[in-house]
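# Topology and contacts: notes
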Amino acid sequence: MYRRVSIRMRKHFVSVLVLCVGMIASFSARAAADPSKGKTLFQQNCASCHNVHKKLTGPALAGVEERWVDKKLLHQWIHNSASVLASGDAYANALFNEYNKTPMTQFPALSDGDIDDILAYIGKEATAVAAGPATPAAGGATTGTAEEEGGNGLLFGIITLILAVVALILMQINSNLNKLAADKEGIATPEPVPFYKNKAYIALAILLLFIVGGYFTINGAIGLGRQKDYMPEQPIFYSHKVHAGINQINCLYCHAGAEKSKHAMIPSENICMNCHKVINEYSGPTLYTAEGKKVNGTAEIQKLYDHVGWDVTAKEYTKPGKPIEWTRIHNLPDHVYFNHSQHVVAGKQQCQTCHGAITEMDEVHQFAELSMGWCVNCHRTTKVQFADNKYYSIFEKFHEQVKNHEIDSVTVEMVGGTECQKCHY
Ligand code: HEC
Ligand code: HEC
Ligand code: HEC
Ligand code: HEC
Ligand code: HEC
Ligand code: HEC
């Protein structure tokens, strides 16, 4: 009797184990193609020509995997589109002709894993819209990162839970077997305590809660106020791509503060009206929101007029204006000191290094993490333009060393860029 039961128990145990391993394996297989990694890769390599939902230089990429019969060929295309065209593939050549024979950049450096990540991101973006408008980050602060980290956190949570259940089952089996063995030998044992009264289980549950709770609290606290990729909906659909990209308006025309002061500053309505007293219609390429909705540029210009009280037909201000309340995107905590002119003028840094390809963005999103590690890493690796820069004339020792070829460059760190008090009040 003991043997039979024990074999049944073991079979049961083995199947539970197989089930768990299977579940964990399927989770990690899904996690292998990481859409958040893909998103970064996409933004770095593809976003200059592609958008998931709309046609730019290249096709909109939503649903692209269905358009390619062979995933291997799709990989080859992204690695080296010319080789696919040369092989005479009909679909690829038709597409190439449709896009006026614009060659796509080759990406030999991307691994197959990288490409799977990018495709996973495209797939996720495409379905997010199909399932209804993606939640615009109206609530603010943590939306962007919380969602991505939540994905991983959930996975770990589920695995932990499965492991806990396995542990519970194993303990239960163990105690049952002990009891059976004892019964067989005729030793009287007390009835087993039900698991919810068992001290060991209660202790285990408390420990588990503690770990999971702690994980989320700490994660939340670190991410608090961080909002990479934050892209709020603005009161007017004002496109940087139209202004700074297509029409080549200099960033400093509107953000003059970036050169002169701590803050780059958002332009006042007067600056808009310098041009828009005349430009009252939009006739450029069709604009879309990130959710893929069409935008009527002329109606958006009218919103500007409504704010400043301008009458288009009378060509004069007829009403008192009310300021446009742009939603602020970048926001460092109060205890951090950051100065634009220091970076743009003294440091000679490009806006794009910190803000991404603004000239490609219809709606601005936060490109950099704005974490302390982000600032410090750049200060460690970036060389300051030392020679002929008045700003650094006080560092005589370094000038001496450069002249004597003892050092060939000076990093921001060497001029004090990683000292706490430089960035913290
Ligand atoms: C210089 C612009 C450019 C860049 C950068 C670029 N592409 Fe393309 N891509 C194109 C063009 C243009 C086409 C259309 C075919 C052609 O003309 O070669 C295309 C076509 C494609 C297609 C086929 C689309 C379809 O509808 O079947 C895929 C997939 C693709 N690109 C993926 C990528 C990925 C992934 C990246 C980034 C790693 C990337 N592209 C970067 C310009 C670009
Ligand atoms: C014609 C005026 C104009 C020009 C030119 C312009 N911007 Fe802007 N910029 C704005 C306005 C208005 C906003 C606020 C609305 C928004 O966020 O889209 C803004 C917002 C921004 C923001 C986000 C600010 C925040 O809230 O954190 C950044 C970053 C930015 N611009 C960078 C640039 C860069 C870089 C360039 C040049 C490539 C540029 N801008 C050119 C008008 C302009
Ligand atoms: C230096 C001139 C200039 C300035 C300054 C300027 N614009 Fe424009 N704006 C343009 C041009 C050029 C177009 C494109 C017209 C076209 O293609 O038909 C445009 C188009 C637009 C459009 C329609 C396309 C879109 O982006 O949605 C809106 C809305 C707009 N501007 C709002 C603003 C606002 C708000 C400001 C102030 C922050 C501003 N503009 C400042 C020149 C300017
Ligand atoms: C070294 C990185 C860096 C460079 C270079 C840089 N910015 Fe910024 N920018 C930031 C940070 C960080 C913030 C957030 C500042 C804050 O919250 O106090 C910011 C904020 C902004 C804002 C929001 C309003 C403000 O002043 O806080 C605008 C607009 C802006 N930047 C435009 C520009 C333009 C235009 C350039 C190029 C001329 C530029 N930035 C160059 C890092 C940079
Ligand atoms: C893309 C690279 C880059 C990033 C990112 C960056 N910095 Fe800098 N930073 C520089 C350079 C280059 C200088 C040198 C200019 C100078 O000496 O003032 C500098 C100088 C400084 C200085 C003056 C240091 C000194 O010794 O006087 C401060 C303060 C500073 N950065 C703060 C920040 C903060 C805060 C952040 C993050 C929000 C940040 N920086 C992000 C490149 C960067
Ligand atoms: C180059 C600029 C820079 C330097 C140098 C720097 N910090 Fe920071 N620090 C930041 C920024 C930016 C944040 C805000 C990070 C965020 O919001 O996630 C920050 C945040 C912090 C925080 C809050 C916790 C957090 O991660 O948000 C502490 C504590 C801190 N720094 C301590 C220090 C100490 C101690 C030093 C010296 C060893 C130092 N910092 C040097 C830029 C800097």
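The structure we're discussing is the one just above.
The structure presented is a predicted model; accordingly, all values stated were derived computationally and were not measured.

Moving on, we get to the coordination of the iron atom of ligand 2. Taken together, H240 (NE2) and H255 (NE2) make up the protein donors of the iron atom of ligand 2, found 2.0 Å from the metal. Geometry at the iron atom of ligand 2 is octahedral, judged from the six donor atoms that bind it and their angles of 87 to 180° at the metal. Residue H240 is found in helix α10 (residues 240-246), and its partner H255 is found in the loop between α11 (251-254) and α12 (257-260); the two are separated by 15 residues along the sequence.

Here we come to the coordination of the iron atom of ligand 5. All of the protein donors around the iron atom of ligand 5 are H343 (NE2) and H379 (NE2); their distances to the metal are 1.9 to 2.0 Å. Coordination at the iron atom of ligand 5 is octahedral, judged from the six donor atoms that bind it and the angles of 88 to 179° they form at the metal. With H343 in helix α15 (residues 340-346) and H379 in helix α17 (residues 372-381), the pair connects residues that are 36 residues apart, well separated along the chain. Overall, the relative accessible area of 23% leaves H343 in the partly exposed class. Assessed through its relative accessible area of 13%, H379 is described here as buried.

The environment of ligand 2 is formed by 22 residues, the closest being H240, C251, C254, H255 and H330. Here I329 contributes a backbone N or O atom positioned 2.8 Å from an oxygen atom of ligand 2. At 2.7 Å, a backbone N or O of H330 approaches an oxygen atom of ligand 2. Only α10, α11 and α16 (351-355) provide two or more residues apiece to the shell around ligand 2. Here the element with the most residues in the shell around ligand 2 is α16; it accounts for three residues. Taken together, the residues of the shell around ligand 2 break down into twelve nonpolar, nine polar and one charged.

Criteria and cut-off values
Residues numbered from 1 in each chain as written. Chains lettered and ligands numbered in written order. Predicted model: local features only at pLDDT ≥ 70, side-chain atom pairs only at ≥ 80, totals over all residues. Heavy atoms only, no water. Donors = N, O, S within 2.8 Å, 3.2 Å for Na, K, Ca; no water. Tetrahedral: all angles 85-135°; square planar, octahedral: opposite > 155°, others 65-115°. Helix = DSSP H or I, 4+ residues; strand = E, 2+ residues; numbered from the N terminus. Buried < 20%, exposed > 50% of the residue type's maximum accessible area, 1.4 Å probe, protein only. Near = heavy atom within 4 Å. Polar contact = N/O pair within 3.5 Å; in protein donor to acceptor, adjacent residues only side chain to side chain. Nonpolar A, V, L, I, M, F, W, Y, C, P; charged D, E, K, R; others polar.

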